[in-house]
Amino acid sequence: MTLGGKTAVVTGGGRGIGRTVSLRLAEMGCLVYVNYMSRSEAAEETVLQIRNRGGKGQIIQFDVADFNQTQGAFKEIISRSGSIDVLINNAGITRDGLVARMKESDWDSVLDTNLKGAFCCAKAAVKPMMKNRWGRIVNIGSIVGFSGNAGQVNYAAAKAGLIGLTKSLAREFASRHITVNCVAPGYVVTEMTDRLDDSVKEKMLGEIPMGTLGTPADIAAAVAYLVSEEAGYVTGQTIHVNGGMYM
Ligand code: NDP
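How each quantity is defined
- Residues numbered from 1 in each chain as written.
- Predicted model: local features only at pLDDT ≥ 70, side-chain atom pairs only at ≥ 80, totals over all residues.
- Heavy atoms only, no water.
- Patch = residues over 30% accessible without salt bridge, like charges linked within 9 Å, V, L, I, M, F, W, Y side chains within 5 Å.
- Areas by Shrake-Rupley, 256 points an atom, 1.4 Å probe, with all protein chains shown as cover.
- Salt bridge = Lys/Arg side-chain N within 4 Å of Asp/Glu carboxyl O.
- Helix = DSSP H or I, 4+ residues; strand = E, 2+ residues; numbered from the N terminus.
- Pairing = 2+ DSSP bridges.
- Axes fitted to C-alpha atoms, helices over the stretch in contact; angles between N-to-C directions.
- Near = heavy atom within 4 Å.
- Polar contact = N/O pair within 3.5 Å; in protein donor to acceptor, adjacent residues only side chain to side chain.

J.: Explain a nonpolar patch on the surface to me, using residue names and the numbers behind them.
T.: Where nonpolar side chains cluster on the molecular surface, the patch consists of Val99, Trp107 and Val153 and spans about 270 Å² of accessible area. Among the structural elements, Val99 can be located in the loop between strand 4 (86-89) and helix 4 (104-132).

J.: Tell me about the sheet that holds strand 2 (residues 31-36), and please be specific about residues and values.
T.: In spatial order, the strands read 3-2-1-4-5-6-7; together these seven strands make up an open sheet with parallel pairing. At either margin of the open sheet sits one strand with a lone partner, and together these are strand 3 (56-61) and strand 7 (238-241). Sheet twist, expressed as the average angle between the axes of neighbouring strands with direction ignored, equals 20°. Pairing geometry for strand 5 (residues 135-140) and strand 6 (residues 178-185), over six bridges, is parallel. Its bridge partner lying in strand 6, Gly135 is registered against Ile178.

J.: Report on the site of the ligand, specifying residues and quantitative values.
T.: The immediate surroundings of the ligand are formed by 30 residues, with Arg15, Ser38, Asn90, Tyr155 and Thr190 found nearest. The side chain of Arg15 places a nitrogen or oxygen atom 2.7 Å from an oxygen atom of the ligand. In the environment of the ligand, a nitrogen atom lies 2.8 Å from a nitrogen or oxygen atom belonging to the side chain of Asp63. The fraction of the free accessible surface of the ligand (900 Å²) that becomes covered by protein chains is 96%. Only helix 1 (16-27), strand 2, helix 6 (153-173) and helix 7 (191-194) provide two or more residues apiece to the shell around the ligand. The element that contributes the greatest number of residues to the shell around the ligand is helix 7, accounting for three residues.

Here is the structure:
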């Protein structure tokens, strides 16, 4: 599965799942633009690791939820690299709380980053993809977009929305050989899940038939398949990577 000469953008590529996805795409031959919001040192470390392994990477700062910033950043990438072939909409945040206590700002920020962010980036990325008549977009969803989760009404709604966005984009661009798919992780060890209470972590572990937590590499493997040439006839789909937690 090689993608030599292609340019990829990974939103939130500085750490967690995004870092491992960035490393995997660079191994496949992509020049990877590692996006970050505020933690430049994490994105720089990802690019350093890419280069140490003989790959090509660049950092790029933008807020996925800001329409003007994303359009400007993607124009900049196209002018520097000539194209964008692969987009991984990975950036995501949580602002958990039961609905009775959830603030309007918690709803807005999660919907803006996790759902509007994917719209902003996809809108900017499909232009060069249409020109090349080739493209790959992978949206990182979540198990809770399918199952729902008490305390995550904002996050679950955003992730469920990503499925509708994925399928609609897939239909719009299939004839141009641009595939749009989703990877829905279960419970993966990253900073996002580190901050959960131990009791919550233990309960989740008990719900995973495989009895172990997922790793960023498990998610990156599914992404690598979906962006490959071999997956050219797969579009509008979701690959669930969750150890059997949701079937
Ligand atoms: P992390 O919290 O470890 O990392 C989140 C990343 O998103 C960071 O790189 C952060 O950038 C970036 N980010 C956040 N907001 C923005 C923004 N507005 N613009 C640009 N970048 C932004 O998360 P994970 O690696 O755990 O999660 C990655 C994706 O996987 C998310 O979409 C998440 O919802 C999804 N997921 C994760 C699961 C898990 O168990 N971990 C389970 C299911 C889904 P910066 O470093 O600059 O802050």
